[in-house]
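# Geometric and topological summary
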Amino acid sequence: MKGIIRSIIREIPKGNIFDSHTVIFLLIQQHSDEYLKSFNLNLNTTELYHAHLGKIIAEFENDPVDKIERIGESYSKNIHDTFSPCACWRKL
């Protein structure tokens, strides 16, 4: 999953701001089979699974090539077509 998330982050132009909802939306849109295959029964809700995906996104804060920095919280549309808070990032 980390490799797929890396490919999504890599497509975001440097300097742009994005949030975890954007990455998860693109993951579902472009890699739906992998998204479903990586679901872990221990993470038995969408909220827990997406929190896990958010932790994978956060790993790129220390990535030497595809580095991002957390710049706070975003309030954006999630996959349930409602709004909720999530981490906001800048591509370095």
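Preceding block: the structure.
A brief look at the structure comes next. (Residues numbered from 1 in each chain as written. Predicted model: local features only at pLDDT ≥ 70, side-chain atom pairs only at ≥ 80, totals over all residues. Heavy atoms only, no water.)

## So, the overall build of the protein
Our working definition: Comment: elements are numbered from the N terminus, with helices defined as DSSP H or I runs of at least four residues and strands as E runs of at least two. Note on exposure labels: buried denotes an accessible area under 20% of the residue type's maximum, exposed denotes more than 50%, and partly exposed covers the range between, all computed with a 1.4 Å probe on protein chains only. Contacts: residue pairs with any heavy atoms within 4.5 Å of one another. Surface accessibility in these figures is a Shrake-Rupley result with a 1.4 Å probe; residues are shielded only by whichever protein chains are displayed. Positive charges come from Lys and Arg alone, negative charges from Asp and Glu alone, with His and the N- and C-terminal ends not counted. Charge positions are represented by NZ for Lys, CZ for Arg, CG for Asp and CD for Glu.
Counting its regular elements, the protein contains four helices and three strands. Taken from N to C terminus, the helices and strands of the protein fall in the order α-β-α-α-α-β-β. Each of the three principal axes of the protein carries a C-alpha extent, and together these read 35 × 25 × 20 Å. Counting every position in the protein, which comprises 92 residues, the buried fraction comes to 37%. Once local pairs closer than 6 in sequence are excluded, the contacts in the protein between residues at least 24 apart make up 57%. Surface accessibility of the protein: about 5,700 Å² in total, with carbon and sulfur atoms responsible for 53%. In the protein, 11 positive and 12 negative side-chain charges are present, and the distance between their average locations comes to 5 Å.

## Here we look at the layout of surface pockets
How we decide: Using protein atoms alone on a 1 Å grid, points that fit a 1.4 Å probe yet trap it form a cavity, whereas open point sets bounded by protein on both sides within 12 Å along at least five of seven lines form a pocket; residues with an atom within 4 Å of a point count as lining. Grid points are joined across faces, edges and corners, and a volume is the space filled by probe spheres set on the points. Three classes are used: nonpolar for Ala, Val, Leu, Ile, Met, Phe, Trp, Tyr, Cys and Pro, charged for Asp, Glu, Lys and Arg, and polar for all others, with Gly counted as polar.
In this structure, the largest pocket spans a volume of roughly 310 Å³. Taken together, 19 residues form the lining of the largest pocket, with His21, His50, Ala51, Pro85 and Cys86 sitting closest to its centre. Considering every element that reaches the lining of the largest pocket, the biggest residue donor is helix α4 (residues 46-58), with six residues. Counted by class, the lining of the largest pocket contains seven nonpolar, eight polar and four charged residues.

## Here's the deal with the nonpolar core
Defined as follows: Residues belong to a common nonpolar core when they are buried Ala, Val, Leu, Ile, Met, Phe, Trp, Tyr or Cys residues joined through side-chain atoms within 4.5 Å.
Judged by nonpolar contacts, the single largest core of 19 residues is most densely connected at Ile5, Ile9, Phe18, Leu53, Ile57 and Ile68. When residues of this core are traced back to their parent elements, those giving at least two are α1 (2-11), α2 (20-30), α4 and β3 (83-91). Leaving out residues up to four positions away in the same chain, phenylalanine 18 has contacts with Ile9, Ile12, Val23, Ile68, Ala87, Cys88, Trp89, Arg90 and Lys91.

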